[in-house]
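# Examining the three-dimensional arrangement
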Amino acid sequence: MANNVSLSVNGKSVSASVEANVLLVDFLRDNLGLTGTNIACDTSQCGSCTLLLDGLPVKSCSLLVVQADGCDVITIEGLASETVLHPMQQAFQDNHGLQCGFCTPGMVMAGIGMVERRRAAGSGLPSDEEIRSALEGNICRCTGYHNIVKSVAQGAKTMLQGEG
Amino acid sequence: MYKFNFASPATIDDAAAQFEASDDATYISGGMTLVPTLKQRLAMPSDVIDLSKIASLKGISLDGDMVKIGAMTTHAQIASDGLVVANIPALAELAGGIGDASVRNRGTIGGSLANSDPAADYPAAVLALGAEIHTNKRTIAAADYFVELFETALDEGEIITSISFPVCKVANYQKFSNPASRYAIAGVFIAKTSAGVRVAVTGAGPYAFRQNEMEAALDGDFSAKSIDGITVSDDGLNEDIHASASYRANLIKVLAIRAVEAIS
Ligand SMILES: Cc1cc2nc3c(=O)[nH]c(=O)nc-3n(C[C@H](O)[C@H](O)[C@H](O)COP(=O)(O)OP(=O)(O)OC[C@H]3O[C@@H](n4cnc5c(N)ncnc54)[C@H](O)[C@@H]3O)c2cc1C
Ligand code: FES
Ligand code: FES
């Protein structure tokens, strides 16, 4: 039985009729053409499908679209303007925080989620250890993580303290 | 995943009635366990009933000398909640060590306790602190709740509504995590409660259990030395690709000593 859902995706309202067994990540990729959110493990282990649901990082391969009814979804496509990258994206570029790039959308979303949580809690800049802990659920098979941690540290700094 | 019907009732009674009316229903909270289970076709329910829209399953409050946590509360909320941090800091820390940040943003305490994975973290805290599990039908004492591997005292269709934990400021949880999933290969929760020292173990057996010998020793002398001489039997402990039963038995003692040292 199809279900009617309405959600906001990158600031645009989306209404659709979907089967209950459709995953959020498949809906974004197949129905909306938003292929930036990747599927790698499909078993909630790797984090490449991470996006922000009501501001919080979640794994969209383990979430039904019907569970996201009424929610606000931000994917990697929702970050940059026409000309300017989001500070977290820019930081990955500046610090060579990616190689093949497959894990990168998930890393960027998980990083932003952590920074926004810290902003709300007023907890200041994250330490490297806190960054690593926030990225525990995101696996990268290329970089060895060091540059990802550097990227998230720079992204956090720009997001929390502005340029500089 | 097979097709199934999905509904998001607004009240506990509606959810229970829908469960009753279906031949083969299951509840979903965070879905962190259920969605992978559906994908693997380990479960093929005809109806999935979502508990996330039921307002009365949410929220954390101080109820006398108990902290009452709604079943739909996520691990992330428990880890950062001011009331939990102030009144049962070890529980907040335990919740903050479950899985990873994304899992903690979706997974709920009710879902975890209903599922009763032998490697889950909360069972150790529930047993050591002597929590009460409230359902839509009754209140179940921690000691009566865990029955078998993946089996609890819950009846078919019974809904966990909240969990009450006695306030306890002197407690510590230590786990040896599976490096991939962060589930507990073994975890030990030690609490100084009004009824004495409690030592509860998760991850090591088919379900969480108390370690009475260590409790008695720590009641006499709360020091690492007093449990150092205890030999933990590996009888009935889990054995899998991650660890043998005797390794888990040894871990129980190592983790218990770390927890005592963290408290002292
Ligand atoms: C990658 C990964 C790592 C993890 N690591 C850990 C870890 O380190 N430690 C740990 O403890 N857990 C871990 N988990 C499990 C996680 O904590 C899950 O959140 C939890 O097991 C289930 O909670 P849920 O809300 O997602 O439940 P769901 O998946 O929605 O439901 C699980 C089961 O409980 C039933 N149910 C749900 N809510 C209720 C209710 N209120 N009343 C009655 N029945 C109900 C459902 O019908 C279902 O059968 C991990 C999970 C993943 C995916
Ligand atoms: S694809 Fe979702 S966690 Fe790996
Ligand atoms: S850059 Fe290739 S997986 Fe991370």
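Residues numbered from 1 in each chain as written. Chains lettered and ligands numbered in written order. Predicted model: local features only at pLDDT ≥ 70, side-chain atom pairs only at ≥ 80, totals over all residues. Heavy atoms only, no water.

## Some words on the overall build of chain B
Tallying secondary structure elements over chain B gives twelve helices and 14 strands in all. By the burial criterion, 56% of the 264 residues in chain B qualify as buried. For chain B, contacts bridging at least 24 residues in sequence account for 57% of all contacts bridging at least 6. Approximately 11000 Å² of chain B is accessible, and the part contributed by carbon and sulfur atoms is 48%. Charge centroids of chain B, computed over 20 positive and 31 negative side chains, lie 7 Å from each other. (Helix = DSSP H or I, 4+ residues; strand = E, 2+ residues; numbered from the N terminus. Buried < 20%, exposed > 50% of the residue type's maximum accessible area, 1.4 Å probe, protein only. Contact = heavy atoms within 4.5 Å. Areas by Shrake-Rupley, 256 points an atom, 1.4 Å probe, with all protein chains shown as cover. Lys, Arg positive; Asp, Glu negative; His and termini not counted. Charge placed at Lys NZ, Arg CZ, Asp CG, Glu CD.)

## Remarks on the domain arrangement of chain A
Residues and elements named next belong to chain A. By domain assignment, chain A separates into domain 1 (2-78) and domain 2 (87-161). Taking both sides of the interface into account, the surface hidden between domain 1 and domain 2 amounts to around 1100 Å²; carbon and sulfur atoms contribute 65%. Looking at the side of domain 1 facing domain 2, the largest losses of area belong to Asn38, Thr50 and Ile76, adding up to 39% of the total buried there. On inspection of domain 1 and its partner domain 2, the count reaches five residue pairs in polar contact (both at pLDDT 80 or more). Secondary-structure elements contributing two or more residues to the side of domain 1 that touches domain 2 are strand S3 (50-53) and strand S4 (56-59). By residue number, the principal contributor to the side of domain 1 that touches domain 2 is S3, which donates three residues. (Domains from an automatic or database assignment. Buried area = accessible area lost by both parts, 1.4 Å probe. Polar contact = N/O pair within 3.5 Å; in protein donor to acceptor, adjacent residues only side chain to side chain.)

## Here's the deal with helix H1 (residues 12-21) of chain B
Residue and element names in this part refer to chain B. All of the buried residues in H1 are Ile12, Ala15 and Phe19. Considered in projection along H1, the buried side chains sweep an arc of 65° and stay on one side of the axis. Turned more than 90 degrees from where H1 packs its buried face, Asp13, Glu20 and Ala21 sit exposed. Close packing links the buried residues of H1 with strand S2 (25-28), strand S3 (47-50) and strand S10 (160-166). (Arc of directions from axis to C-beta.)

## Digging into the nonpolar core
Of all hydrophobic cores here, the largest spans 40 residues; its most connected members are Ile69, Ile78, Leu91, Leu113, Tyr122, Phe165 and Phe189 of chain B. Secondary-structure elements contributing two or more residues to this core are strand S5 (66-70), helix H5 (89-96), helix H7 (109-115), helix H8 (122-129), helix H9 (142-145), S10, strand S11 (171-177) and strand S12 (184-193) of chain B. Broken down by element, the residue count for this core peaks at seven residues, all from H8 of chain B. Residues contacting Tyr122 of chain B, with those up to four places away along its chain left out, are His75, Ile78, Leu91, Leu94, Ala95, Ile98, Ile109, Ser112 and Leu113 of chain B. Counting residues in each nonpolar core, the second largest holds 31 residues, with Val18 and Leu63 of chain A together with Phe6 and Ile28 of chain B among its members. (Core = buried A, V, L, I, M, F, W, Y, C linked by side-chain atoms within 4.5 Å.)

## So, the sheet that holds S3 of chain B
Each strand in a sheet pairs with another by means of backbone hydrogen bonds, the pair being arranged parallel or else antiparallel. All names here are of chain B. Pairing is parallel in the open sheet, where three strands are placed in the order S1-S3-S2. Because the sheet does not close on itself, it has two edges, and the strands there are strand S1 (5-7) and S2. Between one strand axis and the next, the sheet turns through 25° on average, direction left out of account. Where H1 meets the sheet, its contacts fall on S1, S2 and S3, and the angle it forms with S2 comes to roughly 150°. (Pairing = 2+ DSSP bridges. Axes fitted to C-alpha atoms, helices over the stretch in contact; angles between N-to-C directions.)

## What about the sheet that holds S5 of chain B?
All names here are of chain B. Taking strand neighbours across the sheet as the criterion, the five strands line up as S4-S5-S10-S6-S7 in an open arrangement whose pairing is antiparallel. The strands lining the two open edges of the sheet, one partner per strand, are strand S4 (60-63) and strand S7 (139-141). Shown here is a sheet whose adjacent strand axes are inclined to one another by a mean of 25°, direction ignored. Pairing analysis gives five bridges linking S5 to S10, with the strands arranged antiparallel. Bridging from a neighbouring strand, Gly70 pairs with Ser162 of S10.

## Some words on the packing of aromatic side chains
Residues and elements named next belong to chain B. Within the structure shown, the criterion is met by four aromatic pairs over all chains. An angle of 85° between the planes, with centres 5.0 Å apart, marks the rings of Tyr145 and Phe146 as edge-to-face. By the burial criterion, Tyr145 is buried, and Phe146 matches it. Here the guanidinium or amino end of Arg41 rests over the ring plane of Tyr2, the centre of that ring lying 4.0 Å away. Lying across the ring of Phe222, Lys192 places its NZ or CZ 4.3 Å from the centre. (Phe/Tyr/Trp six-rings, centres within 6.5 Å; stacked < 30°, edge-to-face > 60°. Lys NZ or Arg CZ within 6 Å of the ring centre and 35° of its normal.)

## Quick look at the packing of helix H2 (residues 87-94) of chain A against helix H3 (residues 104-121) of chain A
Residues and elements named next belong to chain A. Contact geometry of H2 with H3 gives a least axis separation of 10 Å together with a crossing angle of 125°. By the angle between their directions, the pair H2 and H3 is classed as oblique. Considering only the axes of H2 and H3, their crossing is right-handed. Between H2 and H3, the residues in contact are Met88, Gln89 and Phe92 and Thr104, Met107, Val108, Gly111, Ile112 and Val115, respectively. Residues of the contact of H2 with H3, tallied by class, amount to six nonpolar, three polar and no charged. (Parallel < 35°, antiparallel > 145°, perpendicular 65-115°, else oblique. Left-handed = near helix turned anticlockwise from the far one by under 90°. Nonpolar A, V, L, I, M, F, W, Y, C, P; charged D, E, K, R; others polar.)

## Overview of the domain arrangement of chain B
The extent of an interface is frequently quoted as the accessible surface area lost upon association of the parts. All names here are of chain B. Split into domains, chain B comes out as domain 1 (5-50) and domain 2 (58-263). Look at where the C-alpha atoms of domain 1 and domain 2 centre, and you get two points 26 Å apart. The interface is formed by nine residues belonging to domain 1 together with 13 residues belonging to domain 2. In this assembly, domain 1 packs against domain 2 so that about 870 Å² is buried in total across both faces, 71% of it on carbon and sulfur atoms. Broken down residue by residue, the surface that domain 1 buries against domain 2 is led by Ile12, Ser29 and Met32, which jointly contribute 46%. The tally of links from domain 1 across to domain 2 stands at zero salt bridges. For the pair domain 1 and domain 2, the number of links is one residue pair in polar contact (both at pLDDT 80 or more). (Salt bridge = Lys/Arg side-chain N within 4 Å of Asp/Glu carboxyl O.)

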